[in-house]
Amino acid sequence: LMKKNTYIIILVMLILASACTSTRELSEKREIARTAHQEAVLNTIESGNYVVMVDKLYTRRYTGVDLEPRNNYLVIENNKARINLAYIGRSYTTRAVAGINVTGIVEEKTITPKKKGSNLISMKIRGGGELFSVNVRISASGHCQININNARLDNVSYRGEIDLRP
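Residues numbered from 1 in each chain as written. Predicted model: local features only at pLDDT ≥ 70, side-chain atom pairs only at ≥ 80, totals over all residues. Heavy atoms only, no water.

## Thoughts on the overall build of the protein chain
Per the secondary structure count, the protein chain includes 1 helix and 9 strands. Each helix (α) and strand (β) of the protein chain, taken in turn from the N terminus, gives the series α-β-β-β-β-β-β-β-β-β. Counting every position in the protein chain, which comprises 166 residues, the buried fraction comes to 31%. When the accessible surface of the protein chain is summed, it comes to about 10,900 Å², and 56% of that surface belongs to carbon and sulfur atoms. (Helix = DSSP H or I, 4+ residues; strand = E, 2+ residues; numbered from the N terminus. Buried < 20%, exposed > 50% of the residue type's maximum accessible area, 1.4 Å probe, protein only. Areas by Shrake-Rupley, 256 points an atom, 1.4 Å probe, with all protein chains shown as cover.)

## Considerations on the nonpolar core
In this structure, Ile83, Ile100, Met123, Val134, Ile146, Ile148 and Tyr158 are the most contacted members of the largest nonpolar core, which totals 30 residues. Beyond its immediate chain neighbours, meaning those up to four positions away, isoleucine 83 contacts Tyr73, Leu74, Ile100, Asn101, Val102, Ile125, Val134 and Ile148. (Core = buried A, V, L, I, M, F, W, Y, C linked by side-chain atoms within 4.5 Å. Contact = heavy atoms within 4.5 Å.)

## Observations regarding the environment of alanine 36
Locating alanine 36 in the fold gives a position in helix H1 (residues 2–47). We classify alanine 36 as partly exposed; its relative accessible area is 43%.

## Structural notes on the pattern of salt bridges
The tally for this structure, following the rule as stated, stands at 6 salt bridges. A salt bridge links arginine 34 to glutamate 31; the nearest nitrogen and oxygen atoms lie 2.5 Å apart. Here arginine 34 and its partner glutamate 31 are both found in helix H1, 3 residues apart, which amounts to about one turn of the helix. What makes arginine 34 partly exposed here is its relative accessible area of 44%. (Salt bridge = Lys/Arg side-chain N within 4 Å of Asp/Glu carboxyl O.)

## Some points on the pairing of strand S7 (residues 130–138)
Where strand S6 (residues 119–127) and S7 come together, 9 bridges link them in antiparallel fashion. Its bridge partner being in S7, asparagine 119 is matched across the sheet by isoleucine 138. For S7 and strand S8 (residues 143–150), the ladder comprises 6 bridges, and the chain directions are antiparallel. Looking at the pairing, valine 134 lines up with isoleucine 148 of S8. The antiparallel pairing of S7 with S8 creates a hairpin that spans 4 residues between the two strands, and glycine 142 there sits at a positive phi of about 105 degrees. (Pairing = 2+ DSSP bridges.)

## Digging into unusual backbone geometry
For asparagine 78, which is not glycine, the phi torsion reads 55 degrees and is therefore positive. Counting through the fold element by element, asparagine 78 comes out in the loop between strand S3 (73–77) and strand S4 (80–86). Positive phi, close to 55 degrees, is recorded for lysine 116, a residue that is not glycine. Examined against the element boundaries, lysine 116 turns out to sit in the loop between strand S5 (99–113) and S6.

## Here's the deal with the pairing of S8
Here S8 shows a clear split, with Cys144, Ile146, Ile148 and Asn150 buried on one side and none of His143, Gln145, Asn147 and Asn149 buried on the other. Between S8 and strand S9 (residues 153–163), which pair antiparallel and follow one another directly, the connecting turn spans 2 residues.

## Some words on the side chain of asparagine 72
Looking at where asparagine 72 falls in the secondary structure, it is placed in the loop between strand S2 (65–66) and S3. Ignoring any residue separated from it by four or fewer positions in sequence, one finds asparagine 72 in contact with Val52, Met53, Val54, Leu67, Asn84, Leu85 and Ala86.

This is the structure we're talking about:
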């Protein structure tokens, strides 16, 4: 009986040891994948060519409006910018505004590193006779928060994800 219990205990210990090893290997693989993803995000930001796909709109009056990412995006290509975003809010002009659709030039751009690997990109984009102040906070994992200010629009924020596809 003692021998049988000893075999069972040894067998259980071997099973637990192999489970711990596979769990450790799995966590190491996840860590490697996460680090590679963070490096890809940083390389994309540093290249100056990226697309942010936007899935949520925030205003003072609304807590969050879901958006279709393929129709709502911010594209930065070196010194050129393309903004195509839905808009809900007041318009300080004679016409109602339903969207922010601008193709323009990036006049100023600064990239400021923040905590935990995130970056704040501040830009002045001039297009269509308007000047837009755009702040994009990109986390190390690629999640983005976009704030857009313009003299004719309410302040508006968006949430999205940086697109890492080539």
